[in-house]
Amino acid sequence: MSAPAGTTPAAAAAGDLAVHPAWLPDAAFAALGARRVTVEIPAREWPAMSAQVAQTVRAEVAAATAAHGGAVVGAHEDPDVVLAVVPHSDNDPESFVFVRDAGSTRITAADPRGLLYGLFHLVRLGEAAFEGEHEVERHAPHTPLRMLNHWDNIAVHPVMGQVERGDSGGSIFYADGKVRADLTRVGRYARLLAAAGVNRVSINNVNVGHLETRLLGDLLPEAARIADVFRPYGITTHLSVSWAAPVRLGGLTTSDPADADVRRWWAEAADRVWAAIPDLGGFVIKADSEGQPGPFAYGRSHADGANMLAAAVAPHGGLIHWRAFVYDHEQDWRDRSTDRAKAAYQHFVPHDGTFADNVVVQVKHGPLDFQVREAVSPAIAAMPRTRVGVEFQVTTEYLGHQKHAVYLGRMWSELLGFAYWGPGSPTMADVAAGGHPDGDGTRIGGLAAVSNVGDDEFWTGHPFAQANLYAWGRLTWNPGADPIAVLDEWIDLTFPGLGDQGREVLHRILDESWETYERYTAPLGVCFMVSPHSHYGPSPDGYEYTPWGTYHFADRDGIGVDRTRATGSGFTAQYPAPWRDVYESPQTCPDELLLFFHHVPYTHVLHSGTSVVQHVYDTHFDGVERVLAARDAWAEAAGHFPAALADRVTERFAEQVRSATDWRDVVNTYFFRHSGIGDERGRAIYR
Ligand code: GCW
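What counts and what doesn't
- Residues numbered from 1 in each chain as written.
- Predicted model: local features only at pLDDT ≥ 70, side-chain atom pairs only at ≥ 80, totals over all residues.
- Heavy atoms only, no water.
- Helix = DSSP H or I, 4+ residues; strand = E, 2+ residues; numbered from the N terminus.
- Polar contact = N/O pair within 3.5 Å; in protein donor to acceptor, adjacent residues only side chain to side chain.
- Core = buried A, V, L, I, M, F, W, Y, C linked by side-chain atoms within 4.5 Å.
- Buried < 20%, exposed > 50% of the residue type's maximum accessible area, 1.4 Å probe, protein only.
- Contact = heavy atoms within 4.5 Å.
- Lys, Arg positive; Asp, Glu negative; His and termini not counted.
- Salt bridge = Lys/Arg side-chain N within 4 Å of Asp/Glu carboxyl O.
- Pairing = 2+ DSSP bridges.
- Axes fitted to C-alpha atoms, helices over the stretch in contact; angles between N-to-C directions.
- 1 Å grid on protein atoms, 1.4 Å probe; cavity = no way out; pocket = protein on both sides within 12 Å on 5 of 7 lines; lining within 4 Å.
- Points joined across faces, edges and corners; volume = space filled by probe spheres on them.
- Near = heavy atom within 4 Å.
- Areas by Shrake-Rupley, 256 points an atom, 1.4 Å probe, with all protein chains shown as cover.
- Sits in = over half its atoms within 2 Å of the grid points.
- Nonpolar A, V, L, I, M, F, W, Y, C, P; charged D, E, K, R; others polar.
- Disulfide = S-S within 2.5 Å.
- pLDDT = per-residue confidence, 0-100.
- Phe/Tyr/Trp six-rings, centres within 6.5 Å; stacked < 30°, edge-to-face > 60°.
- Lys NZ or Arg CZ within 6 Å of the ring centre and 35° of its normal.

### Looking at the environment of Trp322
Along the chain, the position of Trp322 falls in strand S15 (residues 319-323). When the C-alpha atoms of Trp322 and Asp176 are compared, they prove to be 30 Å apart, with 146 residues separating the residues in sequence. Among the polar contacts made by the side chain of Trp322, one reaches the side chain of His302 at a distance of 2.7 Å.

Put into structure tokens, the structure is as follows:
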């Protein structure tokens, strides 16, 4: 196979050794590694994962102290640092307690997995972990389900490549039509994820091809090899499965969930899978979605389908992550009675309370599809008796393909903190953690996101897109964390010793880069306007007359989607108060979502005091200015970074400038041609 896009042939040839260390170079361990460290883990019959994580903790400490002049010592030898497994009242295997007094730093946890998270906490703190006194601090994850979904295929798709919506080269798991013989890179990835707080990974695309279906069959031992590499870092492996597996693999003539043979096939498949991977997390499934098979073909509901799989995996403690991304992708654009935004709610909310206890209904954060700005999904808040998981996208399918510098921490933080029932009420993150106000507190769905990693030498195409992967993990652990502080953590862990200028420039480039991207692409929550299929670059009418249900309805008078109850699709009715009313009126709808909810004239005046069309011109000119400023800031600071990385970033900036300029001119021209209204500041708009 030739080197994947974005990977230099030299790096590909040099293989794993050329991989950038990302956020855990040896130097990140300098403070801890210079200490005398004790690790106390009682000999006990630990579950396999905990036992292996215990080994990982010991190995990490041994390597750090060997590299930085410290030592591994016994408890009686006056250690500076104690890492100890001790009984904890809550028994949460992932939480830990950090304290510093009388000149000694201590991490305690009920399980080696908590100890590992505590160890990485010390690494993040650096010298600060060993200075002064620290009150007792308990750290616990917001939710026990913190997952990355890989859209990796074993086969290489002629158009999509190997990783669907991946912009970081090929898969780290698969090459040459099989699981890689050498999984060293996966081990490094597991370590990066553990340090960020992720504890679950699904290893194949939710669009499951015929070859990948065999992960439940003859390729199972290969999947088990991957699980073996994740386990020592406290990471549970999940598999994406095809609804059609009984037909494809089992030779049955049907996948009807009511069919006894189908049920038996899945139960036997689960027995086989868990025999090979005893601590597998479960199955992720995309059914009746964008052409994937599902229960609709047999007149069955998604609850019927999910519960049938749930019954098969329940004896093994497995979970079913059933995706709610179900909509009509063969819509007639002439049909104004259908609104794709309503689909997840329409398909799933009627089944609330009927899903089995081990089913997580995984809902995308927005009702459309990972746009730079869309409303939050109302379905997330509408199923108090269901385990609702929320899905995000770390890979930047609609956000610049890891060619543009776009830090997503602030976007996710805003979404996770969205208070569904008004200020101070439970947030999106709370609902995912079982905190629906009408729920019983036990319905934990957790957080998931599509990974952005590939076999690229910098892991993520754009080296700064690593920050998104890191931030994703940290925000699943603590959704309330300040995303800019998280960015600082990433900077410290990735570029230890970087001076103030380098840090300041990274902040200048990244802190508001999400808003910058929004400014030069689709405005005011109108969504899409991207080139169909590739989802890169501007094409304002690209999806307008297609079956995909993603329209903006621009004409000579105005633009936007009327989703009101009064005159539109009625989508606003899916929200609880106060949002159903806030979004209903253009007077109260936030500017940034105006065109998501309303069709308005180009002359409509925003709360900001500017007209819609002038806002488009202003933001698009400004967006490009911001990209140019970021590029120039980078040019000043590039010398502070490793040369190969600096070259990659410089190359990406050239493309970002080109692409942002293209977006600006196409979108501005589009609005000018439709409205006939010029820029009040007389800047160049192509006519
Ligand atoms: O946005 C769409 C993507 C598809 C993806 C799908 C999904 C995995 O364009 O590539 O398929 O979402 O989330 O299932």
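Moving on from the coordinates now.
### Some words on the nonpolar core
Counting 212 residues, the largest nonpolar core has Trp23, Trp266 and Phe283 as the members making the most contacts within it. With sequence-adjacent residues up to four places away left out, Trp266 is seen in contact with Leu216, Val241, Ser242, Trp243, Ala245, Pro246, Phe283, Met308, Leu309 and Ala312.

### Quick word on the side chain of Arg340
Residue placement: Arg340 occurs in the loop between S15 and helix H11 (343-348). Here Arg340 is buried and forms no salt bridge, its nearest opposite-charge partner Asp369 lying at an N-O distance of 4.0 Å. A polar contact of 2.9 Å, which involves the side chain of Arg340, links it to the backbone oxygen of Trp548. Excluding residues within four positions of it along the chain, Arg340 makes contact with Phe325, Tyr327, Gln331, Pro367, Leu368, Asp369, Trp548, Gly549 and Thr550.

### Remarks on the sheet that holds strand S6 (residues 134-139)
What the six strands build is an open sheet, ordered S2-S1-S3-S5-S4-S6; its pairing is mixed. Two strands close off the open sheet at either side, each with one partner strand: strand S2 (71-72) and S6. Bridge count between strand S3 (residues 81-85) and strand S5 (residues 104-109): five bridges; the pairing is parallel. Bridging from a neighbouring strand, Val81 pairs with Thr105 of S5. Packed on one face of the sheet, helix H3 (residues 48-68) meets strand S1 (36-40), S2 and S3 and runs near 170 degrees to S1.

### Comments concerning the layout of surface pockets
Here the largest pocket is characterised by a volume of approximately 800 Å³. Among the elements that take part in the lining of the largest pocket, strand S8 (residues 152-157) stands out by supplying four residues, more than any other.

### Let's talk about the pattern of salt bridges
The full count for this structure, using the stated rule, is 45 salt bridges. Between Arg503 and Asp492 there is a salt bridge whose closest N-O contact spans 2.3 Å. Note that Arg503 is positioned in helix H16 (residues 500-510) and Asp492 in helix H15 (residues 483-494), a separation of eleven residues in sequence. Looking at Asp492, the relative accessible area reads 36%, which means it is partly exposed. Across the pair Arg508 and Glu636 runs a salt bridge, and its minimum N-O distance is 3.8 Å. On the criterion of sequence distance, the pair formed by Arg508 in helix H16 and Glu636 in helix H20 (residues 612-637) is long-range, its members being 128 residues apart. By sharing partners, the salt bridges in this structure join Glu512, Arg519, Asp622 and Arg626 into a single network.

### Let's talk about the sheet that holds strand S17 (residues 387-393)
Here we have eight strands rolled up into a closed barrel, ordered S7-S12-S13-S14-S15-S16-S17-S18, and parallel in their pairing. Each strand of the sheet is rotated relative to its neighbour by a mean of 25 degrees, with strand direction disregarded.

### Side note on the site of the ligand
Contacts to the ligand come from 15 residues, most closely from Glu164, Lys286, Lys364, Asp369 and Glu397. Lys286 places a side-chain nitrogen or oxygen 2.6 Å from an oxygen atom of the ligand. In the model, an oxygen atom of the ligand is placed 2.6 Å from a nitrogen or oxygen of the Glu397 side chain. Coverage of the ligand by the protein amounts to 96% of the 340 Å² it exposes when considered alone. At a threshold of 2 Å from the grid points, most atoms of the ligand map onto the largest pocket. Class assignment of the residues belonging to the shell around the ligand gives a composition of four nonpolar, three polar and eight charged.

### As for the state of the cysteines
Cysteine pairs can be linked by a disulfide, which is a covalent bond between their two sulfur atoms. Counting across every chain of the model gives zero disulfides. Among the cysteines around Cys527, which has no disulfide bond, Cys589 carries the closest sulfur, lying 12 Å off. On the accessibility criterion, Cys527 (5% relative accessible area) is buried. Here Cys589 falls in the buried class, since its relative accessible area comes to 0%.

### A look at the pairing of strand S13 (residues 236-240)
Burial analysis of S13 places five of its five residues in the buried class, the great majority of the element. Side chains of S13 alternate between two faces, with Thr236, His238 and Ser240 and Thr237 and Leu239 buried alike. Here strand S12 (residues 200-202) pairs with S13 via three bridges, running parallel. Paired with Arg200 across the strands is Thr236, a residue of S13. As judged from the three bridges shared by S13 and strand S14 (residues 282-285), these two strands associate in the parallel manner.

### As for the confidence of the model for the protein chain
When the pLDDT values of the protein chain are averaged, the result is 96; 97% of them are 70 or greater. Confidence drops under a pLDDT of 50 for residues 1-17, and excluding neighbours within four residues, the segment shows 21 contacts in the predicted structure.

### Describing the packing of aromatic side chains
Scanning the model with the defined rule gives 38 aromatic pairs in all. Aromatic side chains Trp333 and Tyr545 sit 5.0 Å apart centroid to centroid with 80 degrees between the ring planes, which places their arrangement in the edge-to-face category. Within this pair, whereas Trp333 is found in the loop between S15 and H11, its partner Tyr545 is found in the loop between helix H17 (513-520) and strand S19 (558-559), the two being separated by 212 residues in sequence. On the basis of relative accessibility, which here comes to 30%, the residue Trp333 falls in the partly exposed class. Exposure remark for Tyr545: the relative accessible area of 53% places this residue in the exposed category. When the ring of Tyr670 is compared with that of Phe671, the centres are 6.1 Å apart and the planes differ by 70 degrees; the resulting orientation is edge-to-face. Here the two residues Tyr670 and Phe671 agree in accessibility, since each one is buried. Through pairs of rings, three or more aromatic residues link up here, namely Phe418, Tyr420, Trp421, Phe571, Tyr575, Trp579, Tyr583, Phe596 and Phe597. Seen from the ring of Tyr536, Lys403 lies directly overhead, with NZ or CZ sitting 5.2 Å from the centre. Positioned over the ring face of Phe596 is Arg563, at 4.4 Å from the centre of the ring.

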